[in-house]
Amino acid sequence: MSTANTVIFDNGIHRNILLEDFGSGGAAIQANQHVIIHGKEGMILDPGGHKIYSSVLNETLSLLGGSKLRYIFLSHQDPDIVAAINGWLMTTDADAYISKLWTRFVPHFGLDHLVVERLKPVPDEGMQLALAESTVSILPAHFLHSPGNLHVYDPISKILYTSDLGASIGMDYIEVPDFEQHIRYMEGFHKRYMASNKAMRLWADMARTLDIDIIAPQHGALFRGKEMVNQFINWCADLQCGTDIMENIYNSSST
Ligand code: FE
């Protein structure tokens, strides 16, 4: 198991770090964890499940140094994001944020009554979180893929953290070198997991209003640079997926 981390932005006071490949190997899907640190406060995005919990916690605490973990962001309710949430809440003072759709389901992962009040609901429209002297935005990304799905935009690093949107599986690089060549690693996943082209378009319209240098998904490689970011947003806006193409599956049923 690797313990590598990659700094993807650093201006001296504000750092964005990718914790890379803690979960790679075996049957579990590869997942990225991201940490944002501004001065004395930090947040972890989609911390993951039990198999990686102690490695990710130790790495996060060492990156934080004397700074404090203020937030745990949960983009949606899947186990590769939420399963270890009780440990994170028991060992830190951070508050966890998740869509209001999921706050009554997450306790089934085994939330202790001592920490349940620190799981906070995010409204459908999203919200702002103050991180030391900076502010990050929680943005809607509903039905991409979860009905209550959220992204994080960090205006200092200009990184949009896109959860399962942009996920790729099976390549060996951590930054996409060529968008067209990369489509093969993400197309199947997006066609099956993302709900519909309408959900994609609503998100793309929002994303086009943001100044984005990097799109950082929760699985696979990130997209760096305005041209790569625009290619990805355009690809999403045009993709037929989910309910758009469900007939194909029912029509090919053997029953
Ligand atoms: Fe998911």
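For the structure, check the block above.
Trainee: Explain the packing of helix H6 (residues 197-207) against helix H7 (residues 226-238) here, please?
Mentor: Between two packed helices, the angle of one axis relative to the other and the distance separating the axes together describe the packing. Two numbers describe how H6 lies on H7: the axes approach to 7 Å, and their chain directions differ by 150 degrees. Relative to H7, the element H6 lies roughly antiparallel. Like other packed secondary-structure pairs, H6 and H7 cross with a definite hand, here left-handed. Where H6 abuts H7, its residues Asn197, Met200, Arg201, Trp203, Ala204 and Ala207 lie against Phe232, Ile233, Cys236, Ala237 and Asp238. Looking at the contact of H6 with H7 residue by residue, the classes come out as 8 nonpolar, 1 polar and 2 charged.

Trainee: Even after reading the chapter, I still don't get the sheet that holds strand E6 (residues 95-99), so can you show me in this structure?
Mentor: Sheets are built from strands paired through backbone hydrogen bonds, the pairs being either parallel or antiparallel. The 7 strands are arranged E1-E2-E3-E4-E5-E6-E7 in an open sheet whose pairing can be described as mixed. Looking along the sheet, the strands with just one partner apiece sit at the ends: strand E1 (5-10) and strand E7 (119-122). On average, each strand axis in the sheet is inclined to that of its neighbour by 20 degrees, with strand direction left out of account. Pairing analysis gives 6 bridges linking strand E2 (residues 14-19) to strand E3 (residues 33-38), with the strands arranged antiparallel. Among the inter-strand pairings, Leu19 is bridged to a residue of E3, identified as Gln33.

Trainee: Just checking my understanding: could you explain H7 for this structure?
Mentor: Three- or four-residue spacings in an α-helix give side chains the same orientation, since the helix completes a turn every 3.6 residues. The end-to-end C-alpha separation of H7 is 18 Å, in line with the 18 Å expected for 13 residues at 1.5 Å each. Restricting attention to buried positions, one finds in H7 the residues Met228, Val229, Phe232, Ile233, Trp235, Cys236 and Ala237. Packed against the buried residues of H7 are helix H4 (179-182), helix H5 (187-193), H6, strand E12 (214-216) and strand E13 (223-224).

Trainee: I keep staring at the coordination of the iron ion and nothing clicks. Help me out?
Mentor: Tetrahedral coordination by four donors places them ideally at 109.5 degrees to one another around the metal; octahedral coordination by six donors ideally gives 90 or 180 degrees. All of the protein donors around the iron ion are His76 (NE2), Asp78 (OD), His145 (NE2) and Asp164 (OD); their distances to the metal are 2.0 to 2.3 Å. Between consecutive donors of the iron ion, the numbers of intervening residues give the motif H-x1-D-x66-H-x18-D. The buried category is assigned to His76, whose relative accessible area is 0%.

Trainee: What's the story with the side chain of Ser137 in this structure? I'm lost.
Mentor: By secondary structure assignment, the location of Ser137 is in strand E9 (residues 134-140). A distance of 3.1 Å separates a polar atom in the side chain of Ser137 from a polar atom in the side chain of Gln128. The contacts of Ser137, once residues within four sequence positions are left out, are Met127, Gln128, His151, Val152 and Tyr153.

Trainee: Hey, could you run me through empty space enclosed by the protein in this one?
Mentor: To find leftover empty space, a probe the size of one water molecule is rolled over the atoms. Inspection of the entire model under this criterion finds 1 cavity of 30 Å³ or more. For the largest cavity, the calculated volume is near 70 Å³. In terms of lining, the largest cavity is formed by 14 residues, of which the most central are Leu45, Asp46, Tyr161, Ser163 and Gln218. Of the residues belonging to the lining of the largest cavity, the class tally is 6 nonpolar, 7 polar and 1 charged.

Trainee: What exactly am I supposed to notice about the pairing of E6 here?
Mentor: It is a general feature of regular strands that their side chains alternate between the two faces of the sheet. Counted residue by residue, E6 has 4 buried out of 5 residues, so it is predominantly covered. Both strand E5 (residues 68-73) and E6 contribute to a ladder of 3 bridges, which runs parallel. Along E6, the bridge assignment pairs Tyr71 with Asp95. Judged from the 4 bridges that link them, E6 and E7 form a sheet pairing that is parallel. Across the sheet, Ile98 pairs through a bridge with Pro121, a residue of E7.

Analysis parameters
- Residues numbered from 1 in each chain as written.
- Predicted model: local features only at pLDDT ≥ 70, side-chain atom pairs only at ≥ 80, totals over all residues.
- Heavy atoms only, no water.
- Axes fitted to C-alpha atoms, helices over the stretch in contact; angles between N-to-C directions.
- Helix = DSSP H or I, 4+ residues; strand = E, 2+ residues; numbered from the N terminus.
- Parallel < 35°, antiparallel > 145°, perpendicular 65-115°, else oblique.
- Left-handed = near helix turned anticlockwise from the far one by under 90°.
- Contact = heavy atoms within 4.5 Å.
- Nonpolar A, V, L, I, M, F, W, Y, C, P; charged D, E, K, R; others polar.
- Pairing = 2+ DSSP bridges.
- Expected span 1.5 Å × (residues − 1).
- Buried < 20%, exposed > 50% of the residue type's maximum accessible area, 1.4 Å probe, protein only.
- Donors = N, O, S within 2.8 Å, 3.2 Å for Na, K, Ca; no water.
- Polar contact = N/O pair within 3.5 Å; in protein donor to acceptor, adjacent residues only side chain to side chain.
- 1 Å grid on protein atoms, 1.4 Å probe; cavity = no way out; pocket = protein on both sides within 12 Å on 5 of 7 lines; lining within 4 Å.
- Points joined across faces, edges and corners; volume = space filled by probe spheres on them.

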